[in-house]
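Observations on the model geometry
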Amino acid sequence: MNAKPVHIFRLNSECENALIDFPFHDNNITWIQEHSLLFASIEKINEAVIQQCFEKNNFIQQFKMLYLINEVKH
């Protein structure tokens, strides 16, 4: 997917919010379920495009890692 920087910026912001939301869930599976569409959106974006737009403070990468770690546990 060839995403524009504005789209990446919006997804990065959504990922930041999801990361903030994570500790408030008693059960990690509910967090996974709530953010599955966000995860699907970032999976469609080419990794190189994400890296070009955000070299520092990349919440997309942090979200993706947390999502995958918790998805595997369930």
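Residues numbered from 1 in each chain as written. Predicted model: local features only at pLDDT ≥ 70, side-chain atom pairs only at ≥ 80, totals over all residues. Heavy atoms only, no water.

One way to put it is that helix α1 (residues 5–21) packs onto helix α3 (residues 36–43) with a least axis distance of 11 Å and a crossing angle of 145°. The handedness of the crossing between α1 and α3 is left-handed. Counted together, Leu 11, Glu 14, Cys 15 and Ala 18 of α1 and Leu 38, Ser 41 and Ile 42 of α3 form the full contact between these two elements. Per-class residue counts for the contact of α1 with α3 are five nonpolar, one polar and one charged. (Axes fitted to C-alpha atoms, helices over the stretch in contact; angles between N-to-C directions. Helix = DSSP H or I, 4+ residues; strand = E, 2+ residues; numbered from the N terminus. Left-handed = near helix turned anticlockwise from the far one by under 90°. Contact = heavy atoms within 4.5 Å. Nonpolar A, V, L, I, M, F, W, Y, C, P; charged D, E, K, R; others polar.)

On to the side chain of Asn 70, then. Examined against the element boundaries, Asn 70 turns out to sit in helix α5 (residues 59–73). For Asn 70, a relative accessible area of 2% translates into the label buried. Only 2.6 Å separates the side chain of Asn 70 from the side chain of Asn 28, close enough to count as a polar contact. (Buried < 20%, exposed > 50% of the residue type's maximum accessible area, 1.4 Å probe, protein only. Polar contact = N/O pair within 3.5 Å; in protein donor to acceptor, adjacent residues only side chain to side chain.)

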